[in-house]
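Inside the fold
Letter by letter, the chains look like this.
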Amino acid sequence: MRTERANGGGQTERRDLKVIVGAAIIRDGRVLACARAAPPEVAGMWEFPGGKVEPGEGETDALVRECAEELAVRVEVGDRVGRNVRMAHGRSVLKVYAARLLHGDEPEALEHEALRWLAADELDSVTWLPADAPIVAALRPLLAPAPG
């Protein structure tokens, strides 16, 4: 993704935005939330699993790879959830996709401190990373209410 912005002299500078992809893995009306283990300033905050799109890699291919690396699961990637979220002082953009687990895979916390399945009314029970927080509102209608 390319973006343009005017520098101090009014000239336009072009630069590439890094694309970060996240997976809103939904099962039985709940979404998987992952607690960061590091770095210290965000440890314990919650996110959707995912990571950087490597050069020459498609967004959905990157998401499949990241879910395998972080959670040891295979996923099918679906539609986008929410809008693009600018992050890292405007140098990257987060794009979140709905996803579902394949073949009865069960996520493992290989790179995270903890994993939780959250229903729509539980989404506010964790502290989301700032970049992931805007996605939560868009995700809510895709989840079933918690049984009660």
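Residues numbered from 1 in each chain as written. Predicted model: local features only at pLDDT ≥ 70, side-chain atom pairs only at ≥ 80, totals over all residues. Heavy atoms only, no water.

**Digging into the pairing of strand S3 (residues 18-27)**
Just so we agree on the cut-off: Burial status follows relative accessibility: with a 1.4 Å probe on protein chains alone, a residue under 20% of its type maximum counts as buried, one over 50% as exposed, and anything between as partly exposed. Helix and strand definitions here come from DSSP, where helices need a minimum of 4 consecutive H or I residues and strands a minimum of 2 consecutive E residues; each element is numbered from the N-terminal end. Strands qualify as paired when DSSP identifies two bridges or more between them.
The element S3 is largely enclosed, with a buried count of seven among its ten residues. For S3 and strand S8 (residues 92-101), the ladder comprises eight bridges, and the chain directions are parallel. In the strand pairing of S8, Gly 22 is matched with Val 96. Taken together, the three bridges between S3 and strand S6 (residues 50-52) define a ladder with antiparallel strand orientation. Paired with Val 21 across the strands is Gly 51, a residue of S6. Relative to strand S4 (residues 30-36), S3 is paired through two bridges, and the arrangement is antiparallel. If you follow Ile 26 over to S4, its bridge partner there is Val 31.

**Re the environment of Leu 102**
As a reminder, the rule being used: Any two residues whose heavy atoms approach within 4.5 Å at even a single point are treated as in contact.
Here Leu 102 shows up in the loop between S8 and strand S9 (112-118). Separated by 26 residues in sequence, Leu 102 and Glu 76 have C-alpha atoms that sit 6.7 Å apart. Those residues in contact with Leu 102 that sit more than four places away from it in its chain are Arg 74, Val 75 and Glu 76.

**Let's talk about the packing of aromatic side chains**
The condition that has to hold: A pair of aromatic rings is counted whenever rings of Phe, Tyr or Trp (Trp by its six-membered ring) have centres within 6.5 Å, and the orientation is called stacked for planes under 30 degrees apart, edge-to-face for over 60 and tilted otherwise. Here, over-ring charges are defined by two tests on the NZ atom of lysine or the CZ atom of arginine: distance to the ring centre within 6 Å, and angle to the ring normal within 35 degrees.
Per the counting criterion, the structure on display carries one aromatic pair. Cation over ring: Arg 80 sits above Tyr 97, and NZ or CZ is 5.6 Å from the ring centre. Its guanidinium or amino end placed over the ring of Trp 46, Arg 116 lies 5.9 Å from that ring's centre, counting from NZ or CZ.

**Examining the side chain of Asp 105**
What counts here: Polar contact is defined as a pair of N or O atoms within 3.5 Å, subject to the rule that within protein one atom must be able to donate a hydrogen and the other to accept it, and that residues adjacent in sequence are counted only when both atoms are side-chain atoms.
Note on placement: Asp 105 falls in the loop between S8 and S9. The class for Asp 105 is buried, based on a relative accessible area of 12%. Within polar-contact distance, the side chain of Asp 105 engages the side chain of Arg 74 at 2.6 Å.

**Examining the layout of surface pockets**
Quick reminder of the rule: Cavities and pockets are found on a 1 Å grid laid over the protein atoms alone: a cavity is a set of points where a 1.4 Å probe fits but cannot escape, a pocket is an open set with protein on both sides within 12 Å along at least five of seven lines, and a lining residue has an atom within 4 Å of such a point. Grid points are joined across faces, edges and corners, and a volume is the space filled by probe spheres set on the points.
In this structure, the largest pocket occupies an estimated 600 Å³ of space. Lining the largest pocket are 24 residues, and of these Ile 20, Arg 36, Glu 47, Met 87 and Leu 129 lie nearest its centre. For the lining of the largest pocket, the secondary structure elements donating two or more residues are S3, S6, helix H1 (59-71) and S8. Looking at the lining of the largest pocket, the element that brings in the most residues is S3, giving four residues.

**Regarding H1**
The cut-off we apply is this: A helix is expected to span 1.5 Å multiplied by its residue count minus one. Directions drawn from the helix axis to the C-beta atoms are what define this arc.
Helix length check: H1 (13 residues) gives 18 Å between terminal C-alpha atoms against 18 Å at 1.5 Å per residue, within 8%. Those residues of H1 lying buried are Ala 62, Leu 63, Glu 66, Cys 67, Glu 70 and Leu 71. On an axial view of H1, the arc spanned by its buried residues comes to 135°, and they lie on one face. Residues of H1 that are buried in the fold lie against S3, S4, S6, strand S7 (75-87), S8 and S9.

**A word on the pattern of salt bridges**
Should the charged atoms of two oppositely charged side chains come close, the side chains can pair. We count it as follows: By convention in these notes, a salt bridge is any Lys or Arg side-chain nitrogen within 4 Å of a carboxyl oxygen on Asp or Glu.
All told, the structure shown has ten salt bridges when counted by the stated rule. The shortest N-O distance in the salt bridge between Glu 122 and Arg 30 comes to 2.7 Å. With Glu 122 in the loop between S9 and helix H2 (133-139) and Arg 30 in strand S4, this pair connects stretches of sequence that are 92 residues apart. According to the relative accessible area criterion, Glu 122 is partly exposed, its value standing at 25%.

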